[in-house]
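Residues per chain are reported as follows:
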Amino acid sequence: MPSFKAPRGTRDILPAERATWGRLERTAADLAARYGYREIETPLIEQTEVFERGVGEVTDVVEKELFRIAPRTEEAESWSLRPEPTAGIVRAYVQHGMQTWPQPVKLTLVGPMFRYDRPQAGRYRQFWQFDVEVIGDPGPAVDAELVELGLRFYRDVGLEGVEVLLNSIGDAACRPAFIGELTDYFRVHVDRLPPLERERLERNPLRLLDSREPVMQELNALAPKISNLLCEACAAHFAEVRAHLDALGVGYRREPALVRGLDYYTRTAFEFYRRGAEGQQQALGGGGRYDGLVELLGGKPTPGIGFGIGLDRVVLALESSGVAAEPEPHPVAVVVGADPDGTVDRLRIATRLREAGLAARAELGRRKLGKQLEAAAKEHAHFAVILGDELGDGQVQVKDLEAGTQRLVALADLARELARAHGAHRHGPDETEGRPS
Ligand code: HAM
């Protein structure tokens, strides 16, 4: 038999780990709602041109990492799996005329992204992001609000020591002068440039600053910094972003070398790292302003800003910092019985418990009662509901598997009794006492 495996760079998230993911998703949804974001879903595939124009043709994400779908016929358009959600969300903003909605439009999604990168710890070919986008607000206050939201997410999920690296990368007014200086600088060192970087020097010099090649890291350390060349408007915007962060009491570290890897960014750019782990190119999240993107994708000139937080890396960071995995929910009751042919009764009673809102499982096999009880204890059920001779009188035995006690309960009262006893156990007797059941 062949042995099948999940494709390289992808993995299965098994139930024990998935419970932690659920917690992150709930935190993301709750925070996004509190900050006024509305949920959106976009397709996992887009026309390739959305990414080529949006993210930029001469970027790692498009040039090296895009999962392109082979067209089924000669004339079919080219699609790709989304490597990031911003371009697709902006495409949707333009397509659905969201510029006529009250501005800004604040959108959020959590979902999988795909990049054909070299897999390693924390770098996958399918990974998940918590993404937020604010379209139609030029900032600078919203830039600070967004950074604050990102940091709050890490704190709320229990990850300590996350800091934000902050920069401004200018706009169409000041970028050309910077790119000129950058080009001059790298031309002097052209003999040391690896082939791809040499080619990019002609097509998109800014992206040399993202290179992971060792020689480039050396060269990049001494390369000109955009922060010294910002035009007046960009410098003032950046100062205001920082003033708002200061006023909110949000700490940040200025990082003049931070340029992000995608072409759509203007002005504010930031990345989240665990303190001391900045060098490993393992950002826990990143984002920035993209004031030209809506226009690039066919809309009217509209500013925008957002971030993406890498959930896979957050889960890894939680594990490595010893934060306990989220426990999986246990059944409240397992319905068991000695009669191997009693499945109709067991199923009927479990169904009634579920109708009453309780998590219940019925034993549907033919194993011995002892084994059934063992299984119920192993899955940490709170109660075993044992069907026996008393069923003829409309009664069942309820065994509290945690307390080790057992008593007879009328079937008519079963759901209410279990809910009461389970609630009292979970919240303590004081909280539930006197509540109508
Ligand atoms: P990005 O920096 O390319 O930005 O990705 C955001 C985050 O996704 C990264 O900081 C990282 O945590 C996670 N990530 C990226 N690639 C991988 C991978 N191969 N495996 C695991 N995690 C990964 C964006 O995608 C922008 N769309 C963010 C944004 C939104 N900017 C404005 N709005």
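Calculation notes
Residues numbered from 1 in each chain as written. Predicted model: local features only at pLDDT ≥ 70, side-chain atom pairs only at ≥ 80, totals over all residues. Heavy atoms only, no water. Helix = DSSP H or I, 4+ residues; strand = E, 2+ residues; numbered from the N terminus. Rg over C-alpha atoms; globule rule 2.2 N^0.38 Å. Contact = heavy atoms within 4.5 Å. Areas by Shrake-Rupley, 256 points an atom, 1.4 Å probe, with all protein chains shown as cover. Lys, Arg positive; Asp, Glu negative; His and termini not counted. Charge placed at Lys NZ, Arg CZ, Asp CG, Glu CD. 1 Å grid on protein atoms, 1.4 Å probe; cavity = no way out; pocket = protein on both sides within 12 Å on 5 of 7 lines; lining within 4 Å. Points joined across faces, edges and corners; volume = space filled by probe spheres on them. Nonpolar A, V, L, I, M, F, W, Y, C, P; charged D, E, K, R; others polar. Pairing = 2+ DSSP bridges. Axes fitted to C-alpha atoms, helices over the stretch in contact; angles between N-to-C directions. Near = heavy atom within 4 Å. Polar contact = N/O pair within 3.5 Å; in protein donor to acceptor, adjacent residues only side chain to side chain. Buried < 20%, exposed > 50% of the residue type's maximum accessible area, 1.4 Å probe, protein only. Arc of directions from axis to C-beta. Salt bridge = Lys/Arg side-chain N within 4 Å of Asp/Glu carboxyl O. Phe/Tyr/Trp six-rings, centres within 6.5 Å; stacked < 30°, edge-to-face > 60°. Disulfide = S-S within 2.5 Å.

1. Thoughts on the overall build of the chain
(1) Moving on: Summing up its helical and strand segments, the chain has 15 helices and 16 strands in all.
(2) Moving on: By the compact-globule yardstick of 22 Å for 437 residues, the chain is too spread out, its C-alpha radius of gyration being 28 Å.
(3) Moving on: Along the first, second and third principal axes, the C-alpha atoms of the chain reach 90 × 60 × 45 Å.
(4) Moving on: Nonlocal contacts in the chain, meaning residues at least 24 apart in sequence, comprise 68% of its contacts between residues at least 6 apart.
(5) Moving on: When the accessible surface of the chain is split by element, carbon and sulfur atoms take 52% of a total near 21,700 Å².
(6) Moving on: Side-chain charges of the chain comprise 56 positive and 67 negative groups, with the mean position of each set lying 3 Å from the other.

2. Structural notes on the layout of surface pockets
(1) Moving on: Here the second largest pocket defines a volume of roughly 310 Å³.
(2) Moving on: Forming the walls of the second largest pocket are 17 residues, and the residues nearest its centre are Asp-60, Lys-64, Arg-118, Arg-212 and Glu-213.
(3) Moving on: Ranked by residue count, the leading element in the lining of the second largest pocket is helix H7 (residues 195-203), at four residues.
(4) Moving on: Residues of the lining of the second largest pocket, tallied by class, amount to four nonpolar, two polar and eleven charged.

3. Let's talk about the sheet that holds strand S15 (residues 395-400)
(1) Moving on: Here we have five strands laid out as an open sheet, ordered S13-S12-S14-S15-S16, and mixed in their pairing. Taken across any chain shown, the strands that pair with only one partner, and hence form the sheet edges, are strand S13 (360-362) and strand S16 (405-410). For this sheet, the mean inter-axis angle between neighbouring strands, taken without regard to orientation, is 25°.
(2) Moving on: For strand S12 (residues 333-337) and strand S14 (residues 383-387), the ladder comprises five bridges, and the chain directions are parallel. From the neighbouring strand, Gly-337 faces S14, where its bridge partner is Leu-387.
(3) Moving on: Taken strand by strand, helix H12 (residues 343-355) contacts S12, S13 and S14, and its axis lies near 170° from that of S13.
(4) Moving on: Strand contacts of helix H13 (residues 369-378): S12, S13 and S14, with the helix running at about 175° to S12, the strand carrying the most contacts.

4. Here's the deal with the site of the ligand
(1) Moving on: Taken together, 27 residues sit near the ligand, with Glu-84, Thr-86, Arg-115, Tyr-265 and Ala-283 positioned nearest.
(2) Moving on: Between the ligand and Tyr-264, the relevant distance is 3.0 Å, taken from a nitrogen atom to a side-chain nitrogen or oxygen of the residue.
(3) Moving on: Within the contact set of the ligand, a nitrogen atom lies 3.4 Å away from a backbone nitrogen or oxygen of Phe-307.
(4) Moving on: Alone, the ligand offers 660 Å² of accessible surface; in the complex the protein occludes 95% of this.
(5) Moving on: The set of elements that each furnish at least two residues to the shell around the ligand consists of strand S6 (126-135), strand S10 (285-289) and strand S11 (304-310).
(6) Moving on: Of the residues belonging to the shell around the ligand, the class tally is ten nonpolar, ten polar and seven charged.

5. Some words on H13
(1) Moving on: Inspection of H13 places Gln-372, Leu-373, Ala-375 and Ala-376 among the buried residues, and these make up the whole buried set. With its buried residues spanning 160° around the axis, H13 presents them on a single face.
(2) Moving on: Here the buried face of H13 lies against S12, S13 and S14.
(3) Moving on: Positive backbone phi, at 60°, marks His-380, one or two positions downstream of H13.

6. Section: the pattern of salt bridges
(1) Moving on: In this structure the tally under the stated criterion is 34 salt bridges.
(2) Moving on: Between Asp-30 and Arg-34 there is a salt bridge whose closest N-O contact spans 2.9 Å. On the criterion of helical spacing, the pair formed by Asp-30 and Arg-34 is a turn pair, its members being four residues apart in helix H1 (residues 15-34).
(3) Moving on: Note that Arg-366 is salt-bridged to Asp-341, the shortest N-O span being 3.1 Å. Placement of the pair is Arg-366 in the loop between S13 and H13 and Asp-341 in the loop between S12 and H12, with a sequence separation of 25 residues. Asp-341 carries the same exposure label as Arg-366, and that label is exposed.

7. Observations regarding the packing of aromatic side chains
(1) Moving on: The full count for this structure, using the stated rule, is eleven aromatic pairs.
(2) Moving on: Measuring from ring centre to ring centre gives 5.2 Å for Phe-130 and Phe-153, while their planes differ by 50°; the resulting arrangement is tilted. Of this pair, Phe-130 sits in strand S6 while Phe-153 sits in helix H5 (residues 141-156), placing them 23 residues apart in sequence. Phe-153 carries the same exposure label as Phe-130, and that label is buried.

8. So, the environment of Pro-119
(1) Moving on: By the secondary structure assignment, Pro-119 is in the loop between strand S5 (105-114) and S6.
(2) Moving on: The spacing of Pro-119 and Gly-9 is 110 residues in sequence and 5.0 Å in space, taken between C-alpha atoms.

9. Some details on the state of the cysteines
(1) Moving on: In this structure the tally under the stated criterion is zero disulfides.
(2) Moving on: Here Cys-231 stays free of any disulfide, with the sulfur of Cys-174 as its closest cysteine sulfur at 3.5 Å.
(3) Moving on: The class of Cys-231 is buried, set by a relative accessible area of 19%.

10. Remarks on the pairing of S6
(1) Moving on: Summarising burial for S6: nine of the ten residues are buried, a large majority.
(2) Moving on: By the bridge criterion, ten bridges tie S5 to S6 in an arrangement that is antiparallel. When the bridges of S6 are listed, Pro-112 appears paired with Trp-128.

11. With respect to the side chain of Thr-27
(1) Moving on: Relative to the elements of secondary structure, Thr-27 occurs in helix H1.
(2) Moving on: Judged by its relative accessible area of 15%, Thr-27 is buried.
(3) Moving on: Engagement of the side chain of Thr-27 in a polar contact is seen with the backbone oxygen of Arg-23, the distance being 2.9 Å.
(4) Moving on: Apart from the residues within four sequence positions on either side, Thr-27 is in contact with Phe-153, Asp-156 and Val-157.

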